[in-house]
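Each chain is listed here by its residues.
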Amino acid sequence: MILNLERFQIQARPRWNNLEALLGVLESRPDRRMNPGEAEQLQELYAQVAADLNRVTHGALAPELGQYLERLVARAYAELYYAPPTRSELWQPRRWLRIFTAFPETVRRQARYFAMAVLVTISGCALGGLAVRYDPASVDVLLPADYLRNPGERVQQEEHGEKRHLPSAQIEAAFSAQLIRHNIEVALLTAALGVTFGIGTALLLFENGVLLGAVAVRYTQQGFGLFMTAWLLPHGVFEIPSILIAGQAGFYLARLLLRRREDRDVRHSMHEWLVLIAGLGMMLVWAGFMEAFFSQHHAPVLPYGFKVAVGVGELLLLTVYLLLIGRRGNDAQARTGDRLQING
């Protein structure tokens, strides 16, 4: 407990100034590196100032001084325990390999939330499909777009009508950008609605499932199942799983809100959430390119069998990536790293 605040500040001010000066030097360097002498000095000053902060906080005195010391200790902590990658490190293959493997590892670690997203979506698909199958009046409600309600007219136009003329590269590029932006917005909204304790996430997944099931049954009823498969599969094998992963992220976020966790654990958990968001974003970029430049071209320009084969190949590659990449040893390393972080 501090009995004489003024005397305490006079005695402690030199080390505060020394720490602030050292931090200014370190923060001014582009690579933020320090030599062994500076590291030792920083560690010693950090421990001393942290003790000063504890005395000020415990004594409930001088709130402005406490805020100053908090900022100073936080800056010192960042220099000691966070080393930003240098430009050369950013291009190291091992670093990029770790980023490449982090996404499927995270998907597998949080697989139960992915299963929840799949269950909700399948429920929506079942409702949409059954409604279209047994209640013709529901078609106008569930499928407002004309090309969804009347697949025969669309197929006729695509295969024999005006739409056989290929769009320009500029139009396809603009369409691709629009698709990517829209899909990422929907995915981010699905993931962010986890703050509603998962209710909003579930509603969006269910709505997407209803539309997907209604489209599948409508096209199959009209005898255009092959056309629908060749149309949806090349981009859908990435787009649909990415929305499911967005739902996984939303349910995971909801779980975080329902549990009381320590600050360090929350930071790690939010890192997991951000990895899911980054991964699904990259998947949606590829899906947008495929939908604009490949999926929209139909027979006789692109045979349906070829389009289905491409979609199946994509599905196999994605399955291998999500289920197998990083499994050998990396999951164990990640768990070991988590334990080290907690113990550290």
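These numbers come from a predicted model, not from an experiment.

A.B. asks: I keep staring at the packing of aromatic side chains and nothing clicks. Help me out?
C.D. replies: Aromatic ring pairs are reported here in terms of the distance separating the ring centres and the angle at which the planes meet. Evaluated as defined, the whole model comprises 11 aromatic pairs. An angle of 65 degrees between the planes, with centres 5.9 Å apart, marks the rings of F8 and W16 as edge-to-face. Among the residues examined, F8 registers a relative accessible area of 5% and is labelled buried. On the accessibility criterion, W16 (0% relative accessible area) is buried. An aromatic cluster is present here, built from Y147, Y219, F227, W231 and Y304 joined pairwise through their rings. A cation over an aromatic ring shows up here: R133 above the ring of Y134, its NZ or CZ 4.9 Å from the ring centre.

A.B. asks: Help me understand unusual backbone geometry, please; the structure alone is not making it clear to me.
C.D. replies: Apart from glycine, the bulk of residues carry a negative phi angle, and the bulk of peptide bonds sit in the trans form. In this chain, A299 is followed by P300 through a cis amide linkage whose omega measures 5 degrees. On the secondary structure map, P300 appears in the loop between α13 (263-295) and α14 (304-324). Positive phi, normally seen in glycine, also occurs at F197, with a value near 60 degrees. Locating F197 in the fold gives a position in the loop between α10 (169-192) and α11 (199-221).

A.B. asks: What is the right way to look at the nonpolar core in this model?
C.D. replies: The tendency in soluble globular proteins is for nonpolar side chains to be buried as a group. Core analysis: the largest hydrophobic core is formed by 31 residues, its most contacted members being F103, I245, W273 and L280. Counting residues per element, this core draws most heavily on helix α12 (residues 225-258), which supplies 11 residues. The next biggest cluster of nonpolar side chains, apart from the first, holds 19 residues, and it includes A12, L22, V49 and L72.

A.B. asks: I keep staring at α12 and nothing clicks. Help me out?
C.D. replies: Every α-helix carries 3.6 residues per turn, so stepping three or four residues along brings you back to the same face. The first and last C-alpha atoms of α12 sit only 43 Å apart over 34 residues, clearly below the 50 Å expected at 1.5 Å per residue. Counting buried residues in α12 gives 25 out of 34 residues, a clear majority hidden from the surface.

A.B. asks: Could you clarify how one ought to interpret the pattern of salt bridges in this entry?
C.D. replies: A side chain with one charge can pair with a side chain of the opposite charge if their charged atoms come near. On inspection of all chains with the given rule, the structure shows six salt bridges. We note a salt bridge from R109 to E272, for which the minimum N-O separation is 2.6 Å. Here R109, found in helix α5 (residues 93-109), pairs with E272, found in helix α13; they are 163 residues apart in sequence, far enough to count as distant. On the basis of relative accessible area, E272 is assigned to the buried category, the value being 3%. The salt bridge involving D140 is made with R149; its shortest N-O contact spans 3.6 Å. Through salt bridges with shared partners, a single network forms among D140, D146 and R149.

Reading the values: the criteria
Every chain's residues receive numbers from 1 upward, in the order its sequence appears when written. In view of the model being predicted, local features appear only for residues whose pLDDT reaches at least 70, and side-chain atom pairs are presented and counted only at 80 or more, with totals across whole chains, interfaces and linings using the full set of residues. By convention in this description, side-chain values take in all heavy atoms of the structure and omit both hydrogens and water. Only rings of Phe, Tyr and Trp enter the pairing, Trp through its six-membered ring, and a pair is recorded when the two centres are within 6.5 Å. The plane angle decides the type: under 30 degrees is stacked, over 60 is edge-to-face, the rest tilted. Each residue gets one of three labels from its accessible area relative to the maximum for its type: buried under 20%, exposed over 50%, partly exposed in between, using a 1.4 Å probe on protein chains only. Remark: a charge is flagged as sitting over a ring if the NZ atom of Lys or the CZ atom of Arg is within 6 Å of the ring centre and within 35 degrees of the ring normal. Numbering of helices and strands runs from the N terminus, with a helix taken as a DSSP run of H or I at least four residues long and a strand as a DSSP run of E at least two residues long. We call a set of buried Ala, Val, Leu, Ile, Met, Phe, Trp, Tyr and Cys residues a nonpolar core when their side-chain atoms join them within 4.5 Å. Multiplying 1.5 Å by the residue count of a helix minus one yields the expected span of that helix. The term salt bridge refers to a pairing of a side-chain nitrogen on Lys or Arg with a carboxyl oxygen on Asp or Glu at a separation within 4 Å.

The analysis is restricted to geometry; functional conclusions fall outside its scope.
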